[in-house]
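Residue-level structure breakdown
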Amino acid sequence: MKALRYIKLLTATALVALSAASSFSCAESEGPSVVILCETEIVVFPYTAFDSRTLSISVNGADSWDVSEKPDWIAAEREGQLLTLTASENESFRERTGQIVISAGSGRKTIPVTQTGNPGALIHLSPESVSFPGESFVPVAVEVVAMESSLEWTVTSVPDWIDCTRTELKLELTAQPNRAYRERRGEVVVSSQGISRHISVVQSGTTPSFIVRQVGNMPAMAVSPNGRYVVGWGGNRSFLYDRGTDQTTPIGSGSGEVDPNDISKGRYLAYDVSDTGLIVGAAFLGGDTMPFSLDIDRGEFTWLTLPGDLEGRAPSSGIAWGVSADGTAISGMVSYPRTDFENTQLQNLPVVWQNGSPTVLGHDPEGLGDGDNTRGYAANNISADGSVVAGYLETRFSDRVGCYWTMSDPEKVNLFLLDDPEFYSTYFN
């Protein structure tokens, strides 16, 4: 009978121990009779200083517990059953790890801790925020320094209204004019080793204003798509006004011959200007007007190349009338001699110069009779991206009909036809 009671007592003791051992839910605890419980499996800190995490600790099978092991960058403070962990700032861009060990009698519990890398320790930005007025063309330099010389960094995101140019250790940020009343905000993101730094950019809104500027007897003719440059001409003299610097540059003297090395001489007609300040127009060479481009900042004057002979006729003159935003495409016209119309000595044909190379556009529209029914064409303007050209067809009676060309199909003339059959029967038959 005593032996049976002894077996029952052993069985009950084993069941109690098994139940206690199965009740803890975090990391493993060592020791057969002490169970340490917490609700947190792993602790993750950001790289910033003084960020804390509080854990609730309970123990079965021991009177007290303490922290027996921790990283030196973690401070541990106990209050009752609560344990508060505080991390110091991670001054490295690399992640760091460690463990908190809680001991109670023969039991131990290990809690892994991780702190993210400090992006400021990888890439240093100065300044970290940039403000632009509503209309500013002056770039702002941001210094970018990788804390380890072997690290490469890239710009991974830029707002579409910010122009970003990279040098070896700097970014130059330029804001495009803000035509809205409200300010706009964005971020330029610089990344390396999977870590990103952010440059905050903000630009104020623009209050509309009207400014009258008198430049001799020369009305303004065109403004660049970005609103920075204005050109005009009068009396065979021209000017360029730069709104970014508030400077006006006169071009030509109104008389004499053009000197490509001295823009103060000669006769110029400035018709259009690009976002980069490239001026296009016509300048007098002898008694003829010839198409030109002029970049004042670079000191580059260029006579645009005329197309080749057409049916044995060599071009004699030309005009550049429009330019794309980036300055790579220029529209205009070139004049060829002809004698098939009474009192008409020239036939004007539409031309586009792409990177300096001329292309004569289509000039014989279908459905309007023989091309000889036209005096000529002009390509007055070109879209900002250089893909569409607008101009006119001039009839043999000196009337002009609007038309356009696309650079995807430059041979096709697209006329703005009026719903007036009598007009076309009169002028093209």
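What counts as what
- Residues numbered from 1 in each chain as written.
- Predicted model: local features only at pLDDT ≥ 70, side-chain atom pairs only at ≥ 80, totals over all residues.
- Heavy atoms only, no water.
- Pairing = 2+ DSSP bridges.
- Helix = DSSP H or I, 4+ residues; strand = E, 2+ residues; numbered from the N terminus.
- Axes fitted to C-alpha atoms, helices over the stretch in contact; angles between N-to-C directions.
- pLDDT = per-residue confidence, 0-100.
- Contact = heavy atoms within 4.5 Å.
- Buried < 20%, exposed > 50% of the residue type's maximum accessible area, 1.4 Å probe, protein only.
- Core = buried A, V, L, I, M, F, W, Y, C linked by side-chain atoms within 4.5 Å.

To continue, consider the sheet that holds strand β23 (residues 278-285). Taken together, the four strands give an open sheet; going across it, the order is β22-β23-β24-β25, and neighbouring strands pair in antiparallel fashion. The two strands at the open ends of the sheet, each matched to only one other strand, are β22 (268-273) and β25 (300-303). Strand-to-strand twist of the sheet, defined as the mean angle between neighbouring strand axes without regard to direction, takes the value 30°. Pairing of β22 with β23 involves five bridges; the strand directions are antiparallel.

Note that strand β10 (residues 123-126) and strand β12 (residues 140-146) share four bridges and pair antiparallel. Residue pairing for β12: Leu125 is matched across the bridge by Val144.

Before going further, it helps to examine the confidence of the model for the protein chain. Overall, the predicted model of the protein chain reaches an average pLDDT of 80, with 81% of residues at or above 70. By mean pLDDT, the top-scoring element of the protein chain is β22 (95), and the lowest-scoring one is helix α1 (residues 2-21) (37). Here residues 1-31 is modelled with pLDDT under 50, and outside its nearest four sequence neighbours on either side it reaches 31 contacts, counting other chains as well. Confidence over residues 425-429 falls short of pLDDT 50; this stretch has 12 contacts with residues more than four positions distant or in other chains.

To continue, consider unusual backbone geometry. Peptide bonds are trans in most cases, and residues, glycine excluded, mostly fall at negative phi. Following Ser126, the chain continues into Pro127 via a peptide bond in cis, with omega recorded as 0°. Along the chain, the position of Pro127 falls in the loop between β10 and β11 (129-132). In this structure, Asn236 is a non-glycine residue whose phi angle is positive, near 65°. Tracing the sequence through the fold places Asn236 in the loop between β19 (229-234) and β20 (237-242). Using a relative accessible area of 22% as the deciding quantity, one classes Asn236 as partly exposed. The residue Asp246 is not glycine, and still its phi comes out positive at about 60°. Relative to the helices and strands, Asp246 resides in the loop between β20 and β21 (247-251).

Moving on to the nonpolar core. Of all hydrophobic cores here, the largest spans 20 residues; its most connected members are Leu171, Leu173, Val190, Ile199 and Val201. Going through the elements one at a time, α2 (119-122), β10, β11, β12, β15 (170-175), β16 (184-192) and β17 (195-203) are the ones with two or more residues in this core. With sequence-adjacent residues up to four places away left out, Ile199 is seen in contact with Leu125, Pro127, Glu128, Val130, Val142, Leu171, Leu173, Gly186, Glu187, Val188 and Val190. Formed by 19 residues, the second largest nonpolar core is a distinct cluster that contains Trp65, Ala87, Ile100 and Val113.

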